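Each chain, written out:
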Amino acid sequence: MMESEFEDNIWTEKHRPATFKDLAYNQKYTKAIKRLINSQDFPHLLLYGPPGAGKRTFTRCILNEIFVLYSNYHIELSPTNNDSHDRIMVNNMIKETAESQPLKREKTKGKDFKIVVIHDLNLLSRSAQAGLRRTMEKYMSECRIIFQCESLSRVIDPLKSRCALVRVPAPTYDTVAERMKDIAKMENLSISTKTIDMIARRSKRNMRKAIMLLQIYSVNFTSISDIGKALSLGYEQIISEILKDLISEQSATRVKVIRNKFYQLISKGISTECIFVNLIRFLMQSDSLDSNVRYEITKLACEYDFRSKLGARSIFHLEGFICQAMVVIKKSKIQSGYGV
Amino acid sequence: MEAFLKRNGNKSLKKVEKDVEMEPDDEKDNKSRYQPWVEKYRPNKIDEVSHQPEVVSALNKSIETGKIPHLLLYGPPGTGKTSTILALSKELFGPEFHRSRILELNASDDRGIGMVREKIKKFAQKKISKAVSSDYPCPPVQLIILDEADSMTVDAQAALRRTIEVYSAQTRFCIICNYVSKIIEPLASRCVKFRFTPIAEEAQMKRLQYICEQEEINHDNSALEALVEVTDGDMRKSIMMLQSAGRSYEGDKLTAEDIYEVSGKIPIEVIQDIWDQILNQSDTNISELAENVIQEGYDIMQLLSQLIELVTNAATRDVSHLKKARIAEICAETEFKLIKGGSEELNVSYLLVSISDILNS
């Protein structure tokens, strides 16, 4: 009970569709999936798509279609919080779920199997994924698995060939705006079309982020007059400041200023990848640099992000990146100076 | 915590053993209603195995004579390695002894060196009765199947060397793997090697046709052709796709489009569009392009391989070979970074930016 009250306060949970009927978008996929899971012998599913596209919602709808929400016949796992033991955990869970007999059968709508939902498959270690291969086949008739992941690139091929792949693309701007209008109406929030449009653009087709921003707006809009500020997330602001610092001056003192900002971000728990991705996003939007320079910096960001994944301390890589980027900018400035 | 999980790990081993025993054949009818097609249409007899003539004839001989060597089966996924050995064991021992004579171990079980010492030895030491009355050949041997052996550690493989020889009087090993290079040489030299080739088009078509008839799926011939095309001889993948497309298609016929829809392949128009946009490079486009690729949720590995395909085919004839080679290099680098954990969004930007750099230089 407590939990549901808490969930009601967060709009992304409160307004999450629970059945295929309420699902706002991806109608084409919805129909296909519905037909698929209504057959008794549907295969394992692997849903993939960017964040905020509706993978989790999709899964909920599937479960609701097969059983009821919160049934005894399915179990959800996020293997990432068990790092090196994930192989044992995942396998045991599937085996045990498959072997245990359901107590009551009336809620299964005639289906005689159980479902294991595994989130973030791409974060599962390789040995864990390899361990799933035969387990998946062996227990297929008792137990179906629904995988979810953001990117398929770290999922091994044998797993892909054992699942039906379902791509969940991000909703279009119009769908995001439409959905926000509906929610605003339900929450009795008066909001202009222009603001909705702005939120939709800002959220980059990420439905979850859009609804979150809408809620932030609903809290903030009376006190802060500047809409842009009312809608920005803290870390994004810092990152855009870093970019401005980087472009305006290239010197050792500036590196020091930027270092402080990086520490701010790190202490807030913002991942290195997120910093790099957002830096590049802002960089691509800004017009103050030549396109060649921007490309150079993109390549650098990719390289340093990769290094930070292999290394242990991210501040070195962030700073290395900033210094290199400064060199690139300075060089182009000198060159263009000669040109004049 | 660790101890707890370890204990569970051991428990799971015992369970696996039980599971192998708990798969009785006569319950099949009841089960098959819920069984996905890949399991339902697994061959029950060696003869039913598609398109591996050498393997089939060699193993048929061994069933007749009752003499089987140690086996090493290798080949790409979905070519019938596991199916073959399961069919062999069924034909050899029959439903009655099928359970007691076989130990099946795969990557989901713990297979370190301790495993080889305890579990495999214990099973190998078991006494078996020589004469049994059965309709099947049932030779006085037992079979240990090591599935997905390429994920075994080198130490564990080394520990197997002597074990194989010592118990060879009544125990046969069957090692199954994708890459024979991952099996240490001394182990490989103790086995008869069989290479499984990707299933040929006709054989695959025939099997898919059969499944379609059994499941009463109204299909277009182009659909099956598309299936064969996108799976590159991976039988399991094609049956899996046939099922997911066959259960979800709209209209009254299964068509090639339905297949492409479930295959995860990126539509060719999208790839062409990306290529054209890079060629007529207009500034901010590339970042938008990268963003779009991510938001549409395409598989980046798929994007890479399809890009390479585009670069190597005739449609891009006017691009010089040197440029093409450099694009291929960039693709390879991106693939490596992605597998090692690089960010997808950054890598796609990098990829597209680099390609445009190369093309427009």
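Residues numbered from 1 in each chain as written. Chains lettered and ligands numbered in written order. Predicted model: local features only at pLDDT ≥ 70, side-chain atom pairs only at ≥ 80, totals over all residues. Heavy atoms only, no water.

- Where an unreviewed UniProt entry is consulted, chain B appears under the name AAA+ ATPase domain-containing protein, with the organism given as Euplotes crassus.

## Focus: the domain arrangement of chain A
Residue and element names in this part refer to chain A.
Part 1 of the argument: Once the domains are mapped, chain A shows domain 1 (3-167), domain 2 (173-230) and domain 3 (234-336).
Part 2 of the argument: At the junction of the two partners, domain 1 supplies ten residues and domain 2 supplies 15 residues.
Part 3 of the argument: When the two sides are added together, the surface that domain 1 and domain 2 hide from each other amounts to roughly 1200 Å², 62% of it contributed by carbon and sulfur.
Part 4 of the argument: The interface formed by domain 1 and domain 2 holds one salt bridge in total. (Domains from an automatic or database assignment. Contact = heavy atoms within 4.5 Å. Buried area = accessible area lost by both parts, 1.4 Å probe. Salt bridge = Lys/Arg side-chain N within 4 Å of Asp/Glu carboxyl O.)

## Details of the packing of aromatic side chains
Part 1 of the argument: Going through the model one piece at a time under the given rule, you end up with four aromatic pairs over all chains.
Part 2 of the argument: When the centroid spacing of 6.3 Å and the interplanar angle of 90° are considered together, the rings of Tyr41 of chain B and Tyr210 of chain B count as edge-to-face. Here Tyr41 of chain B, found in the loop between helix 3 (37-40) and helix 4 (53-65), pairs with Tyr210 of chain B, found in helix 9 (residues 201-215); they are 169 residues apart in sequence, far enough to count as distant.
Part 3 of the argument: A relative accessible area of 37% means that Tyr210 of chain B is categorised as partly exposed.
Part 4 of the argument: Feature note: the residues Phe276, Tyr304 and Phe321 of chain A constitute an aromatic cluster, connected by ring pairs.
Part 5 of the argument: Over the ring of Tyr304 of chain A we find Arg307 of chain A; its NZ or CZ atom is 4.8 Å from the centre of that ring.
Part 6 of the argument: Over the face of the ring belonging to Tyr350 of chain B we find Lys337 of chain B, whose NZ or CZ atom lies 4.9 Å from the ring centre. (Phe/Tyr/Trp six-rings, centres within 6.5 Å; stacked < 30°, edge-to-face > 60°. Helix = DSSP H or I, 4+ residues; strand = E, 2+ residues; numbered from the N terminus. Buried < 20%, exposed > 50% of the residue type's maximum accessible area, 1.4 Å probe, protein only. Lys NZ or Arg CZ within 6 Å of the ring centre and 35° of its normal.)

## Brief notes about the sheet that holds strand 5 (residues 192-195) of chain B
Residue and element names in this part refer to chain B.
Part 1 of the argument: Across the sheet, which stays open at both edges, the five strands sit in the order 2-3-4-1-5 with parallel pairing between neighbours. In the strand order of this sheet, the two ends are held by strand 2 (102-105) and strand 5, each with one partner. On average, each strand axis in the sheet is inclined to that of its neighbour by 15°, with strand direction left out of account.
Part 2 of the argument: By the bridge criterion, four bridges tie strand 2 to strand 3 (residues 142-146) in an arrangement that is parallel. In the strand pairing of strand 3, Ile102 is matched with Leu143. (Pairing = 2+ DSSP bridges. Axes fitted to C-alpha atoms, helices over the stretch in contact; angles between N-to-C directions.)

## Observations regarding the nonpolar core
Part 1 of the argument: Judged by nonpolar contacts, the single largest core of 66 residues is most densely connected at Phe262, Ile297 and Phe321 of chain A together with Trp275 of chain B.
Part 2 of the argument: Per-element tally for this core: the top contributor is helix 17 (residues 344-360) of chain B, with nine residues. (Core = buried A, V, L, I, M, F, W, Y, C linked by side-chain atoms within 4.5 Å.)

## Notes on the sheet that holds strand 4 (residues 143-149) of chain A
Residues and elements named next belong to chain A.
Part 1 of the argument: Read across the open sheet, the five strands follow the order 2-3-4-1-5; overall the sheet is parallel. Every interior strand has two partners, whereas the edge strands, strand 2 (74-77) and strand 5 (163-167), have only one. Across the sheet, the mean angle separating the axes of adjacent strands is 15° when strand polarity is ignored.
Part 2 of the argument: In terms of strand pairing, strand 1 (residues 44-48) meets strand 5 through five bridges, oriented parallel. Following the sheet pairing, Leu46 is matched in strand 5 by Leu165.

## Some thoughts on the domain arrangement of chain B
All names here are of chain B.
Part 1 of the argument: Per the domain assignment, the segments making up chain B are domain 1 (2-34), domain 2 (46-195), domain 3 (201-263) and domain 4 (268-360).
Part 2 of the argument: The distance between the C-alpha centroids of domain 2 and domain 3 comes to 32 Å.
Part 3 of the argument: Domain 2 puts five residues into the contact, and the matching count from domain 3 is six residues.
Part 4 of the argument: When residues of domain 2 are sorted by the area they lose upon contact with domain 3, Ser50, Pro77 and Gly78 head the list and together hold 74% of the total.
Part 5 of the argument: Scanning the region where domain 2 abuts domain 3 turns up one residue pair in polar contact (both at pLDDT 80 or more). (Polar contact = N/O pair within 3.5 Å; in protein donor to acceptor, adjacent residues only side chain to side chain.)

## Some thoughts on the pairing of strand 3 of chain B
All names here are of chain B.
Part 1 of the argument: Of all five residues making up strand 3, five are buried, and the element is well covered by its neighbours.
Part 2 of the argument: The two faces of strand 3 match: Gln142, Ile144 and Leu146 on one face and Leu143 and Ile145 on the other face are all buried.
Part 3 of the argument: Here strand 3 runs beside strand 4 (residues 171-177); their pairing, made up of five bridges, is parallel. Bridge assignment links Leu146 to a residue of strand 4, and that residue is Ile175.
Part 4 of the argument: Crossover strand 3 to strand 4 through helix 7 (residues 154-166) is right-handed. (Right-handed = clockwise from strand over helix to strand, strands pointing away.)

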